[in-house]
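Report on the structure
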Amino acid sequence: MATDTASGAERLHALDAVRGFALVLGIFFHATMSFLPSEGPTWMISDPQRSTPLAVAFFTLHIFRMTTFFVIAGFFARMLFHRRGLAGFARDRGKRIALPLVASWLPVFVLIVGATIAGTLIQYDGAPPFRPPPADPNPPPLPFPLTHLWFLYLLVILYALSLAGRTAIVAVDRNEALRGLVDRWLALLVRGGVAPLLLALPLALALPGYSRWMMWMGVPTPDSSLIPNLPAFAEFATAFVFGWMLQRQPDLLGAIQRWWPVHLAAALALTIALLAQAGLVATTATNLPGVDRQLFAANYAFAAWTWSFAFIGLAMQFMSGFSAWRRYLADASYWLYLIHLPLVILLQGLVARFDAPPEFKYALILLVAFPLMLASYQTMVRYTWLGAILNGRRQPRTGARIPATSASGQEPA
C-alpha cells in the first residue's frame, strides 16, 4: 500500500490545479447555456442570439468536467482519511462539505429564482411572454431542487458509502490479497493506457436504459431528486472510487502523464464523432433508435474518461510546479462555484436585451462576473470565518512561499 505522502509535492500542485479548473470550468459551462441553438427552451434565460461555437463548448465541457472532479475528490478523500482517521475525516467533511450544503442551499435557491425572474423581466422590459413550464410526465422519485449544489450532496453520499465499503473490505480482506490484486490490475491498465475503456463501462451500460436520458445533454445532472439518477451515480461513483484507488498507487499519475497525447487525441476524435451523430442543435429528445442509442452511450462514456485522463495528464505535464495564481484560483474555486449561478443568470438576462454577437455577450458575462466573484472571495471569504469553513483557516501572508503539501489537507473535495 502506498503511503499518503508518496505522491510528492509536484503532483499535489497539479491535482490541486485540476480540481480548481474543473470547478471554474463549471462557470464557463453555465454561461454558455443561454446561447445554445436549441429546439425549445433548454435554460432559464434564452438569448435571441445563438452560437454554434458556444454549443460545442457546452457539449465538450459537459463530457468530462464533473467526472474529472470526482476522480480528484476520491484521491484527496483517501489521503485525508489516512492522515486524520475516521473521526477526523468525518469532522472535516462535515465542516467543508455537509455544512456548506445545508447552510447555502436555501439562500442560493432563492437567489437563483430571484435572478431568473429579474433577468427575464429585464430582457423583456417587464413583460415577458407567458410560458407555463411543461408538466413532467415522468417525475423523478423524491423530487428536490438541489440546484448546482448537487455535487456536494453526492459527495456526502459517496463519502458515507466509501467509508462503509472500506470497513467491509478491510474486515474481509485482512491480508490485503484482494486489494493487492486490484492494485496490480489497475496499474496494468493505467500503464497500458487502456484504463478509460474499462472505466467507461458503468456509464455505457447505465445510459441507454435510462428513460429520462437526453442524448445531447450527456450525463443527466442529478439536481432534481434526493435519489441520484443511475447514469450519474454510476459515472461519478466510478470516478470517485478510481480516484480513491489511484491514491493507493500515486506513481500511476506518471503513467497518466505519459499517455496524455494519446488520450487527448482519442477524446477529440470521440467528441467530433458524438457531435456528428447528435448534431449542433441542443435538443431534449430521448427517442433514439436502439443501436444508435447504444453506440452513442458507449462513445460518450469513453470520451468522458479519455478527456479526464488527458486533463489530468496535461496538468501533470505542465502544472506540477508551484504557481501562485493557480494556487489562489484553486483556493477560490470552491467559493466561486457556490455563488456564481445567480450572478451568471442575471447577467445573461441583461445582455439578452441588446443585439450583439453571442460570443461577445458571453465574454462580457465572464468579464463582469469573475472580477465581482473574486473580489467577494478576497474581501469576504479568504481570511474570514467563511474561508475557515470552506478551505481551512489562513492568515494573510507577506510573500511567504506556500508549503506544497498544504493543498491536500484543505480540499473541499
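Residues numbered from 1 in each chain as written. Predicted model: local features only at pLDDT ≥ 70, side-chain atom pairs only at ≥ 80, totals over all residues. Heavy atoms only, no water.

**Details of the pattern of salt bridges**
The condition is simple: Whenever a carboxyl oxygen of Asp or Glu lies within 4 Å of a side-chain nitrogen of Lys or Arg, that contact is scored as a salt bridge. The classification of residues rests on relative accessible area computed with a 1.4 Å probe and restricted to protein chains. Under 20% of the type maximum is buried, over 50% is exposed, and intermediate values are partly exposed.
Within the structure shown, the criterion is met by 11 salt bridges. Among the salt bridges present, the one from Arg93 reaches Asp92, with a minimum N-O distance of 2.4 Å. Classification of Arg93 by relative accessible area gives buried; the value is 7%. Overall, the relative accessible area of 5% leaves Asp92 in the buried class. Across the salt bridge formed by Arg327 and Asp331, the nearest N and O atoms sit 3.1 Å from each other.

**Considerations on the confidence of the model for the chain**
For the record, the criterion: Confidence per residue, as judged by the predictor, is encoded in pLDDT with a range of 0 to 100. Whether two residues touch is decided by their heavy atoms; if any such pair falls within 4.5 Å, the residues are in contact.
For the chain, mean pLDDT is 89; residues scoring 70 or higher make up 90% of the total. Within the model, pLDDT remains below 50 along residues 1-11, and this stretch shows 31 contacts once partners closer than five positions in the same chain are excluded. Segment residues 399-413: pLDDT under 50, and 45 contacts once partners within four positions in sequence are set aside and those in other chains are kept.

**Notes on helix H12 (residues 358-381)**
Since the α-helix packs 3.6 residues into each turn, any two residues three or four apart lie on the same face. The condition that has to hold: A helix here means a DSSP run of H or I that spans at least four residues, while a strand means a run of E at least two residues long, and both kinds are numbered starting from the N terminus. One less than the number of residues in a helix, times 1.5 Å, gives the span that helix is expected to have.
Its 24 residues give H12 an end-to-end C-alpha distance of 33 Å, which sits within 8% of 34 Å, the value for a rise of 1.5 Å per residue. Turning to H12, its buried residues are Pro358, Lys361, Tyr362, Ile365, Leu366, Ala369, Phe370, Met373, Ser376, Tyr377 and Val381.

**Here's the deal with the packing of helix H4 (residues 177-191) against helix H7 (residues 230-248)**
Heads up, the condition is: Each axis is a line fitted through C-alpha atoms, taken for helices only over the stretch in contact, and angles between the N-to-C directions span 0 to 180 degrees. By the definition adopted for this analysis, an angle is roughly parallel if under 35 degrees, roughly antiparallel if over 145, roughly perpendicular if from 65 to 115, and oblique otherwise. For this classification, the nonpolar set comprises Ala, Val, Leu, Ile, Met, Phe, Trp, Tyr, Cys and Pro, the charged set comprises Asp, Glu, Lys and Arg, and every other residue, Gly included, is treated as polar.
Across the interface, H4 lies against H7 with an axial gap of 10 Å and an inter-helix angle of 95°. When the axes of H4 and H7 are compared, the pair comes out roughly perpendicular. Between H4, through Arg179, Val182, Asp183, Leu186 and Val190, and H7, the contact on the second element is made entirely by Phe242, Met245, Leu246 and Arg248. Considered class by class, the residues forming the contact of H4 with H7 number 6 nonpolar, no polar and 3 charged.

**Observations regarding the packing of aromatic side chains**
For clarity, the cut-off: Pairing of aromatic side chains here covers Phe, Tyr and the six-membered ring of Trp, requires ring centres within 6.5 Å, and sorts the geometry by plane angle: under 30 degrees stacked, over 60 edge-to-face, intermediate tilted.
Enumeration according to the criterion identifies 29 aromatic pairs in this entry. Ring geometry for Phe59 versus Tyr300: centroids 6.2 Å apart, planes at 85°, classification edge-to-face. On the criterion of sequence distance, the pair formed by Phe59 in helix H2 (residues 52-123) and Tyr300 in helix H10 (residues 290-318) is long-range, its members being 241 residues apart. Each member of the pair, Phe59 as well as Tyr300, carries the same accessibility label: buried. The rings of Phe29, Phe58, Phe59, Trp213, Trp216, Phe296 and Tyr300 are connected pair by pair, giving a single aromatic cluster.

**Some points on the packing of H2 against H10**
This is how it is decided: Put simply, a crossing is left-handed when the front helix is turned counterclockwise from the back one by less than a right angle, and right-handed when it is turned clockwise.
Between H2 and H10, the shortest axis-to-axis distance is 8 Å and the interhelical angle comes to 60°. On the basis of the axis angle, H2 is oblique to H10. In the crossing of H2 with H10, the sense of the turn from one axis to the other is right-handed. Contact residues: Phe59, Thr60, His62, Ile63, Phe64, Thr67, Thr68, Val71 and Ile72 in H2; Phe296, Tyr300, Ala303, Ala304, Trp305, Trp307, Ser308, Phe311 and Ile312 in H10. A class-by-class count of the residues in the contact of H2 with H10 yields 13 nonpolar, 5 polar and no charged.

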